[in-house]
Amino acid sequence: MRNPVVTHGLTKRYGEVVAVDGLDLTVRSGEVYGFLGPNGAGKTTTLRMLLGLVRPTAGRVEVAVPRVGALIEGPAFYPYLSGWDNLRVLARYAGVGEARITPVLEMVDLAGAARRRYAGYSLGMKQRLGVAAALLKDPELLILDEPTNGLDPAGMADMRTLIRRLGAAGRTVLLSSHLLGEVQQVCDRVGVIAGGRLIAESTVAELRGGAGLRVVAEPLDRAAARARALLGADRVRVRGDALDLAAGPAEAAKINAELVGAGVAVRELRPAERELEQIFLELTQREGDHRG
Amino acid sequence: MGSVRAELMKLVRRPAAWLLLAVALVLALTFTYLIPYASYAGGTAGVRTVGGLPAMLPARLVGNSLGGLPVFLGALVLILGVLVVGGEYGWATWKTVLSQGPSRIRVYGAKLAVLAVACLVTVLAVFAAGAGASALIAAAESAPADWPSAGDLAQGVAAGWLIALMWAALGGLLAITLRSVALPIGLGLVWLLAVQNLLAGIAAPLLSWVATAQKGLPGPNAGSLVAALGAADTPGVERLVGAGQATIVLVGYLVGFAILGGAILRRRDVL
């Protein structure tokens, strides 16, 4: 099955400012892909290029599915129309029947307020109407740009539940966010963007735990010495009563044998799951240093 | 066709569109029939009653209905053009519409189609209101109600439609160029209500090249066309060029505005 979204060297410049810089992105079929980055990292510009709203300066976009739904940078509708009539207008543009309106309103739990004017909607209702509009064409690929922006905690939780449900239904979802917890809770894979560049791409689990091992052993000084001899001093750090090793799970057995062979009692040897926030800050800091 | 239906629904449900139509009718009736008739009936003959009662009778329906299009009715349809196209910038709804899949040119074409319908409705409504007013005046004064021929009426409606659509297309072009609503309306009105009059009233009598250049501008050509069809005693109505030339120039402007607007919309990023 073809990947629904692939970009090759995607670049967008506004004068001297490089908003997106040679982005190679792949979103696989059926996954919920988190597009993570701080504000101004180039997420929305990238999504706009995927939808043809913004033309790339260089590179190209391949969107391999015919039905794409999107909510980009907040909901925008006609304030003098009701939620229902807004969807009627959009259904006509999309070439889908009005019979589709009720199901999508029910999916976002907005059917009860459908006849009210959009101007009177709360922010949460507006966001949900935005998602409903994105679902009108029963899309194979759903692009949601910061869908929880401005929502209260309950609204955010509802929106995440909705996104998980949509992803579980077999749709491919591309979710952009600057909220790490959100991505962690909802997404299968994550692409981290900073300064317009994709600086990491992996599963959330890999991103959190793939980069290190945590060893609790006695005596610790002997364990540290053996680990340094095996891996090199720069890959070993003593943190409290444990060692943090910059090594992957594939090296775990070798490390364990080495320590046990040296008479060290290994009480714990496991992937070190770092907080996504810590990883994110490290990655973006590294990217900043690289650019500087 | 779905995009045209979508645009039509947006326009029909939009209160501002009906307000503009109401203002157009009120202005047309007030300055073409109400004030002249009040002046006539009150016996205080002024500038507007130079034509006297015959100027308000059904025989002058075509000219009376077209007289406002070079300036004030033109200004109102220009505003309509800005609202129909520029509203998408004001509410940031271009992304919402285009995310549903239609191309920019398809949406823009639908907007022009709906503007064409709205302009025709406006012109027909002005004709209908004028017909009603002139019939009432004829009945009140026991004057003859000699109606224009069907051919003259059709010609008048077609000319009015062309002028109205030309101004609406200019409004759309301004909205796309400036990506907003307020500034295009302001600039369009300054051009229509101030610059055109200054050129005609002050610059053209002093500078021969301005007088010549005027013959190529949209307002004077609209004024010439409606003057040829019987409009008189209205600001902006003056026969500077023949009806044939005026029609060709106006069609040229209409096509030019429409194509230029589409080209800019297609080329630019939707931010």
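S.K.: Now, about the nonpolar core: what can you tell me, with residues and values included?
M.R.: Counting 153 residues, the largest nonpolar core has A:L87, A:V131 and A:I143 as its most contacted members. The leading source of residues in this core is helix α7 (residues 150-178) of chain B, at 15 residues. Dropping the residues within four chain positions of it, A:L87 is found in contact with A:I101, A:V104, A:L105, A:L129, A:A132, A:A133 and A:L136. In this structure, A:L231, A:V236, A:L245 and A:A252 belong to the second largest nonpolar core, which totals 16 residues.

S.K.: How would you explain the confidence of the model for chain A if you had to name every residue and give the values?
M.R.: Put simply, chain A has an average pLDDT of 88, and 93% of its residues get 70 or more. Within chain A, no element has a lower average pLDDT than helix α10 (residues 276-291) of chain A, which sits at 66, and none a higher one than helix α2 (residues 83-94) of chain A, at 96.

S.K.: Outline the sheet that holds strand β10 (residues 197-203) of chain A, supporting the account with residue identities and numerical values.
M.R.: Residue and element names in this part refer to chain A. Reading across the sheet, the 6 strands line up as β6-β7-β8-β4-β9-β10 and stay open at both edges, with mixed pairing between neighbours. Strand pairing shows two members of the sheet lacking a second neighbour, β6 (68-71) and β10, which therefore form its edges. For this sheet, the mean angle separating the axes of adjacent strands, direction not counted, is 15°. Across 6 bridges, the pairing between strand β9 (residues 189-194) and β10 is antiparallel. Bridge assignment links V190 to a residue of β10, and that residue is S202. Contacts from helix α1 (residues 43-50) reach β4 (32-36), β7 (141-145), β8 (172-177) and β9 within the one sheet, and its direction differs from that of β8 by about 150°. Against the sheet, helix α5 (residues 153-168) touches β4, β7 and β8, its axis set at about 150° to β8.

S.K.: For helix α9 (residues 252-261) of chain A, give the residues involved together with the corresponding values.
M.R.: Residue and element names in this part refer to chain A. Restricting attention to buried positions, one finds in α9 the residues A252, I255 and L259. Looking straight down α9, one finds that the buried residues subtend no more than 65° of arc, so they occupy a single side. Away from the buried face of α9 by more than 90 degrees, exposed residues A253, A257 and G261 are located. Packed against the buried residues of α9 are β11 (213-218), α8 (220-231), β13 (242-245) and β14 (265-271).

S.K.: Break down the pairing of strand β1 (residues 5-14) of chain A for me, citing the residues and quoting the values.
M.R.: Put simply, side chains in a regular strand alternate between the two faces of the sheet. Residue and element names in this part refer to chain A. The pairing of β1 with strand β5 (residues 58-63) spans 5 bridges and is classified as antiparallel. Looking across to β5, one finds that T7 is bridged to V61. Pairing analysis gives 2 bridges linking β1 to strand β3 (residues 26-27), with the strands arranged antiparallel. Across the sheet, the residue bridging to V6 is T26, located in β3. By the bridge criterion, 4 bridges tie β1 to strand β2 (residues 17-23) in an arrangement that is antiparallel. Directly across from R13, in β2, lies its bridge partner V18. Counting the residues that bridge the hairpin from β1 to β2 gives 2 residues, and of these G15 lies at a positive phi of roughly 65°.

Calculation rules
Residues numbered from 1 in each chain as written. Chains lettered and ligands numbered in written order. Predicted model: local features only at pLDDT ≥ 70, side-chain atom pairs only at ≥ 80, totals over all residues. Heavy atoms only, no water. Core = buried A, V, L, I, M, F, W, Y, C linked by side-chain atoms within 4.5 Å. Buried < 20%, exposed > 50% of the residue type's maximum accessible area, 1.4 Å probe, protein only. Helix = DSSP H or I, 4+ residues; strand = E, 2+ residues; numbered from the N terminus. Contact = heavy atoms within 4.5 Å. pLDDT = per-residue confidence, 0-100. Pairing = 2+ DSSP bridges. Axes fitted to C-alpha atoms, helices over the stretch in contact; angles between N-to-C directions. Arc of directions from axis to C-beta.

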